[in-house]
Structure formats: C-alpha cells, structure tokens
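# Architecture at a glance
One letter stands for each residue in the lines below.
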Protein chains: 2
Amino acid sequence: MPKQTFFNLSEDKRNNIKSVALDEFSEYSFSKSSINRIVENTGIAKGSFYQYFEDKLDLYRYILQCIAEEKINYIQKYTSELSSGDFFDYLKATYSSGIAFAIDHPVYAKIGIFLLKEDERTQQMIYGDLMTTGENFVKNMILEGQEKGSIRQDISADFIAFIINKLNLASTEYLKSKTFDDDFYKDYEEFSNSIIDLIKNGIKSVL
Amino acid sequence: MPKQTFFNLSEDKRNNIKSVALDEFSEYSFSKSSINRIVENTGIAKGSFYQYFEDKLDLYRYILQCIAEEKINYIQKYTSELSSGDFFDYLKATYSSGIAFAIDHPVYAKIGIFLLKEDERTQQMIYGDLMTTGENFVKNMILEGQEKGSIRQDISADFIAFIINKLNLASTEYLKSKTFDDDFYKDYEEFSNSIIDLIKNGIKSVL
DNA sequence: TGATATTATGACCTTAGAGTCACATGGAGG
DNA sequence: CCTCCATGTGACTCTAAGGTCATAATATCA
C-alpha cells in the first residue's frame with residue numbers, strides 16, 4: 001500500500017502520478033518499467049517518490065488495484081442484469097463486458113496483457129496468494145455446470161477454466177491489433193458472440 | 001550467426017555452451033537472461049564468449065534455430081504419414097506431435113513459452129520479418145478449408161489462426177504444470193484429441 | 001513571528017547488466 | 001627453436017537500474 005503521504009497529496013498530484021504510472025506500465029512490463037522514467041515524467045523528485053511508495057512493486061500493485069476496482073464495477077453492471085443462471089449467458093456477459101471495458105480503457109488492457117504474460121516467478125511476486133480468484137471462480141461455475149449437465153463431463157474443469165482464461169487473454173490481445181472497421185467484426189458484441197459460440201459448441205453436452 | 005571461431009571449436013565445447021545456454025534461456029526470458037551467468041556456468045571467459053558470438057541476441061537466435069530444426073524434423077515424421085488432406089487430421093497430427101515434442105524436450109518447451117510471451121518490441125527484435133510463418137501457414141490452410149466448406153466461413157481466418165496458435169501455447173503451458181498420472185489425461189494423445197475436438201466442434205460447418 | 005512537523009529534493013550508493021581490449025597462451029610450420 | 005596467428009582471458013568501461021539520505025523548503029499552529 002502507498003504511504004499515508006501519498007494520500008495526503010492533492011488530488012491533482014495524485015492523479016498526475018497515477019496517469020504517468022498507467023502510461024509507463026502500459027508501455028513496459030513490470031520489470032522493464034522504470035522508476036527513473038516515471039519520476040522524470042511526473043516532474044517529481046526521486047526522493048519524493050519514495051515518500052509516497054515503498055518501492056516499484058508498491059506502486060504497481062496500487063495501480064492494479066485501481067484498475068481491478070473499476071473493472072469489477074463495470075462488469076457487475078452487465079452481469080447483475082442476468083437472471084437465467086445459465087453458465088453460457090453469464091460467461092458471455094462477462095466476456096463482452098470485459099471486452100467493452102478493454103476497448104473503453106485500452107491503457108488498462110495493455111497493462112493486463114503485460115501482467116498475464118509475466119513469468120511465474122514475477123506473477124508470484126506480484127500477487128502472492130490471492131490470485132487466480134478469477135480462475136477459481138470460473139472453475140467452480142464449470143463444475144456446477146457439469147453437475148447440472150449443461151457442460152460435458154469428459155474434459156476436466158481445470159482445463160476448461162484454463163482455456164477460457166487463455167482465450168480471454170488471446171481475445172484482448174487480438175483486438176488490440178485490430179480496428180473494428182477494417183475487419184470482419186463490426187462490433188465487440190459480434191466478436192464475443194463468436195468466441196462464446198466457439199467455447200459453447202466445443203464444451204456443451206451433446207443432447 | 002555465431003562467428004567462425006565458434007564452429008572451429010571442438011564438439012564438446014560447443015555442446016557445453018549450447019547446453020548451458022539452453023538451461024539459461026529455459027529459466028529466464030531473453031531480457032532477464034544473463035551472459036555473465038552463462039559465462040560462469042560454461043567456465044569460459046567472457047572475452048571468449050564474444051569471440052564466438054556477436055552478442056546475446058546472436059546466441060539466442062542460434063539456439064532458437066537449433067530447436068526449430070529439431071522440431072520441424074520431429075513434426076514432419078508425424079505429418080508425412082498423412083494422406084487424407086483433411087484440415088483437422090493435419091491439425092491434430094501437428095498438435096499431438098508438437099505436444100509430444102514438448103514432453104520429450106521440456107527445456108525447449110520452456111524456451112518456446114518464454115518466447116511467445118515476449119512483448120511485441122522484443123519479438124520484433126528477435127525475429128525481424130521472417131516470423132509468423134507458422135501462423136501464416138495455418139491461416140492459409142484455414143482459408144482453403146473455408147473454400148472447400150469444411151470450416152465455417154462466418155469467422156475470419158485471421159482470428160481462427162490466431163486462436164489456434166494461442167491454444168497451442170496454452171496447452172503447452174498447461175501441460176507444463178501437470179503430471180500425467182495425477183490428472184484426467186492419461187496421455188497426450190487424449191489431451192490433443194480433446195483440444196482438437198474443441199476447435200473442430202467450434203469452427204466446423206454445421207452440415 | 002518563531003518552533004515544529006511534514007514534504008520536497010537530487011546527489012549519491014550499490015548492484016548488475018552488456019560489451020571491450022590489451023595482453024597471455026598455445027599449437028603449427030619453417 | 002622461433003615466428004605467427006588463432007584462441008583464451010578477466011579486469012575494465014559504460015550505462016542504467018532501484019533505492020537512500022542529509023538537507024532544504026514549506027506548511028501548521030502557538
């Protein structure tokens with residue numbers, strides 16, 4: 001957590017630091033990002049930086065936390081409207097809102113991609129235990145779906161959860177390099193339909 | 001390319017260097033890998049290293065090339081037996097032989113994962129243009145399949161090729177963390193069947 | 001205004017990386 | 001035995017990183 005000093009700062013200053021940090025972490029992976037650059041771009045002295053944050057990781061975790069809060073709010077707006085309880089409906093809502101979020105916040109998306117591409121050691125360092133809550137959540141939904149019979153049981157839930165998360169990353173990465181008017185997909189709705197369709201018809205029970 | 005000096009070396013010395021380099025690059029990404037460590041582990045002097053290679057990238061590219069050659073030979077053994085010309089048969093052969101290769105050569109697999117996780121800048125630096133030959137190859141096969149009607153045409157070939165490559169990476173990464181006797185999959189054949197099945201039933205034409 | 005607590009500063013430290021270079025070593029041919 | 005050239009060497013440079021610290025500036029309040 002940032003030090004109290006950081007929160008005592010004026011909103012302008014805090015926002016400036018956050019904005020510069022976002023730019024830095026969206027351009028460079030955690031290890032390649034540089035406090036020197038951040039300090040230079042904010043215009044604050046290096047010593048000041050260390051009055052605000054314990055170290056580079058402290059700042060990075062704080063930035064991730066800010067993004068996560070925004071994203072959770074964003075996705076909940078979509079998923080809270082659902083009532084069917086169907087796994088695929090829920091997955092699709094999560095997916096398309098996740099993509100919408102990434103499109104709305106390309107800088108956040110880039111940071112997410114960097115994070116998911118980090119090697120194990122670095123990921124472990126960044127979020128000690130509390131990670132994979134997302135993955136576990138998906139896994140539990142899959143297990144439930146398998147019990148109910150809406151998802152085939154001859155593939156391990158573990159593996160499906162893993163694949164779904166990877167596809168999510170892949171989608172974000174793919175979209176990053178595309179503009180929507182130059183390609184097949186007219187909007188992200190259509191795009192997320194495609195991918196959910198791919199998952200669904202690949203893993204649903206054959207009735 | 002390594003300098004002539006390197007190829008003048010005794011086979012023992014060359015193999016030693018290659019072996020140490022393989023270990024280094026399978027443990028660290030390109031940027032985190034260290035010539036100092038490599039030099040220390042080989043027992044050669046740092047000056048000698050630069051008699052053999054232009055720089056770190058030169059060594060890295062050489063190692064990748066060695067791996068690629070082995071892998072191509074390996075996969076061709078499987079795919080050359082095929083005669084059906086069916087996209088999915090071919091894909092499955094590529095897939096399962098790719099997985100078999102990764103299991104046979106875990107060190108190579110780790111290097112491959114690191115490589116595919118590099119950011120764009122680094123990837124661009126590593127293999128200037130000649131990259132994505134794999135991806136393009138898959139894409140052309142998909143386009144062909146779409147013309148013939150064996151693959152649905154309402155998803156862009158670009159995207160499918162991208163997804164297939166990502167799934168390939170995901171599989172390798174997933175397998176890395178699993179031992180085969182503690183989990184659902186008894187052998188990699190079954191595993192690659194699952195994933196091809198997932199792709200196939202997701203993208204094949206509904207006849 | 002003067003005393004005290006908070007914040008700001010940048011020169012400086014340590015560490016580690018890639019890459020260099022003047023010099024040492026050793027074997028092959030005259 | 002001596003010369004010559006390929007090979008071997010490690011101390012060295014340069015650069016850039018993260019992080020520290022004594023000191024200066026500023027704000028707070030009596």
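As the structure is a prediction and not an experimental result, all values here were calculated from the model. (Residues numbered from 1 in each chain as written. Chains lettered and ligands numbered in written order. Predicted model: local features only at pLDDT ≥ 70, side-chain atom pairs only at ≥ 80, totals over all residues. Heavy atoms only, no water.)

### A closer look at the overall build of chain A
A count of helices and strands for chain A gives eleven helices and zero strands. Ordered by position from N to C terminus, the α and β elements of chain A give α-α-α-α-α-α-α-α-α-α-α. Relative to its full complement of 207 residues, chain A shows a buried share of 46%. Looking at chain A alone, contacts between residues at least 24 apart form 64% of all its contacts between residues at least 6 apart. If you sum the accessible surface of chain A, you get close to 10700 Å²; carbon and sulfur atoms cover 50% of it. (Helix = DSSP H or I, 4+ residues; strand = E, 2+ residues; numbered from the N terminus. Buried < 20%, exposed > 50% of the residue type's maximum accessible area, 1.4 Å probe, protein only. Contact = heavy atoms within 4.5 Å. Areas by Shrake-Rupley, 256 points an atom, 1.4 Å probe, with all protein chains shown as cover.)

### Considering the side chain of A:Thr79
Within the secondary structure, A:Thr79 is located in helix α5 (residues 56-79). Residue class for A:Thr79 comes out buried when judged on its relative accessible area of 12%.

### Topic: the protein's contact with DNA strand D
Near DNA strand D there are 19 residues, and of these A:Lys46, B:Lys13, B:Gly47, B:Gln51 and B:Tyr52 occur at the shortest range. Close to the protein, within 4 Å, the atoms of DNA strand D are drawn from sugar and phosphate at a rate of 55%. Between A:Tyr50 and DNA strand D, the recorded distance is 3.0 Å, taken from a side-chain N or O atom to a phosphate oxygen. One nitrogen or oxygen atom from the main chain of B:Gly47 is found 3.2 Å from a base oxygen belonging to DNA strand D. (Near = heavy atom within 4 Å. Polar contact = N/O pair within 3.5 Å; in protein donor to acceptor, adjacent residues only side chain to side chain.)

### With respect to the packing of helix α5 (residues 56-79) of chain B against helix α7 (residues 106-117) of chain B
Residues and elements named next belong to chain B. Across the interface, α5 lies against α7 with an axial gap of 11 Å and an inter-helix angle of 120°. For the element pair α5 / α7, the angle class is oblique. The handedness of the crossing between α5 and α7 comes out as left-handed. Touching Tyr60, Ile63, Leu64, Ile67 and Glu70 of α5 are Tyr108, Ile111 and Leu115, all from α7. (Axes fitted to C-alpha atoms, helices over the stretch in contact; angles between N-to-C directions. Parallel < 35°, antiparallel > 145°, perpendicular 65-115°, else oblique. Left-handed = near helix turned anticlockwise from the far one by under 90°.)

### Thoughts on the protein's contact with DNA strand C
Residues in contact with DNA strand C amount to 18 residues; listed here are only the nearest, A:Lys13, A:Gly47, A:Ser48, A:Gln51 and A:Tyr52. The share of sugar and phosphate among atoms of DNA strand C within 4 Å of the protein is 56%. Between DNA strand C and the protein, one listed contact pairs a phosphate oxygen with a side-chain N or O atom of A:Tyr52 at 2.6 Å. In the model, a phosphate oxygen of DNA strand C is placed 3.1 Å from a nitrogen or oxygen of the B:Tyr50 side chain.

### Quick look at the confidence of the model for chain A
Residue and element names in this part refer to chain A. Per-residue confidence for chain A gives a mean pLDDT of 83; residues scoring 70 or more make up 86%. Least confident of the elements in chain A is helix α11 (residues 188-203), whose mean pLDDT is 70; most confident is helix α3 (residues 35-42), at 98. Note that residues 180-185 has pLDDT below 50 and, in this model, 20 contacts with residues that lie over four places away or in other chains. (pLDDT = per-residue confidence, 0-100.)

### Considering helix α6 (residues 87-104) of chain B
For α6(B), built from 18 residues, the straight-helix expectation of 26 Å at 1.5 Å per residue is met to within 8% by its first-to-last C-alpha distance of 25 Å. Residues of α6(B) that are buried include every one of B:Phe87, B:Phe88, B:Leu91, B:Ala93, B:Tyr95, B:Ser96, B:Ser97, B:Gly98, B:Ile99, B:Ala100, B:Phe101 and B:Ala102, and no others. (Expected span 1.5 Å × (residues − 1).)

### With respect to the nonpolar core
With 51 residues, the main nonpolar core has A:Ile142 and B:Ile142 as its most contacted residues. When residues of this core are traced back to their parent elements, those giving at least two are α6 (87-104), α9 (133-148), α10 (157-176) and α11 of chain A together with α6, α9 (133-148), α10 (157-176) and α11 (188-203) of chain B. Counting residues per element, this core draws most heavily on α10(A), at eleven residues. Ignoring any residue separated from it by four or fewer positions in sequence, one finds A:Ile142 in contact with A:Phe87, A:Ile151, A:Ala157, A:Ile160, A:Ala161 and A:Ile164. (Core = buried A, V, L, I, M, F, W, Y, C linked by side-chain atoms within 4.5 Å.)

### Things to note about helix α2 (residues 11-27) of chain A
An α-helix turns once per 3.6 residues; consequently, residues spaced three or four apart project the same way. Between the first and last C-alpha of α2(A) there are 24 Å, a value that for 17 residues agrees with the 24 Å anticipated at 1.5 Å per step. Buried residues along α2(A) sit in contact with α1 (4-8), α3, α4 (46-52), α5 and α7 (106-117) of chain A.

### Comments concerning the pattern of salt bridges
As enumerated under the stated definition, the model contains ten salt bridges over all chains in all. Among the ionic pairs, A:Lys32 bridges to B:Asp119, the shortest N-O distance being 3.3 Å. Of this pair, A:Lys32 sits in the loop between α2 and α3 while B:Asp119 sits in the loop between α7 and α8 (120-126), which puts the two residues in different chains. With relative accessibility at 14%, the residue B:Asp119 sits in the buried group. (Salt bridge = Lys/Arg side-chain N within 4 Å of Asp/Glu carboxyl O.)

### Concerning the environment of B:Cys66
Here B:Cys66 lies in helix α5. When the C-alpha atoms of B:Cys66 and B:Lys18 are compared, they prove to be 9.4 Å apart, with 48 residues separating the residues in sequence.

### Here's the deal with the packing of aromatic side chains
Counting across every chain of the model gives 26 aromatic pairs over all chains. Look at B:Phe7 and B:Tyr62: their rings are 6.2 Å apart centre to centre, the planes differ by 80°, and that puts the pair in the edge-to-face class. Within this pair, whereas B:Phe7 is found in helix α1 (residues 4-8), its partner B:Tyr62 is found in helix α5, the two being separated by 55 residues in sequence. We classify B:Phe7 as partly exposed; its relative accessible area is 34%. Joined through ring pairs, the aromatic side chains of A:Phe6, A:Phe7, A:Phe49, A:Tyr50, A:Tyr52, A:Phe53 and A:Tyr62 make up one cluster. The ring of A:Tyr28 has A:Arg37 lying over it, and the distance from NZ or CZ to the ring centre is 3.8 Å. Positioned above the aromatic ring of B:Phe30, the side-chain terminus of B:Lys56 is 4.7 Å from the ring centre. (Phe/Tyr/Trp six-rings, centres within 6.5 Å; stacked < 30°, edge-to-face > 60°. Lys NZ or Arg CZ within 6 Å of the ring centre and 35° of its normal.)

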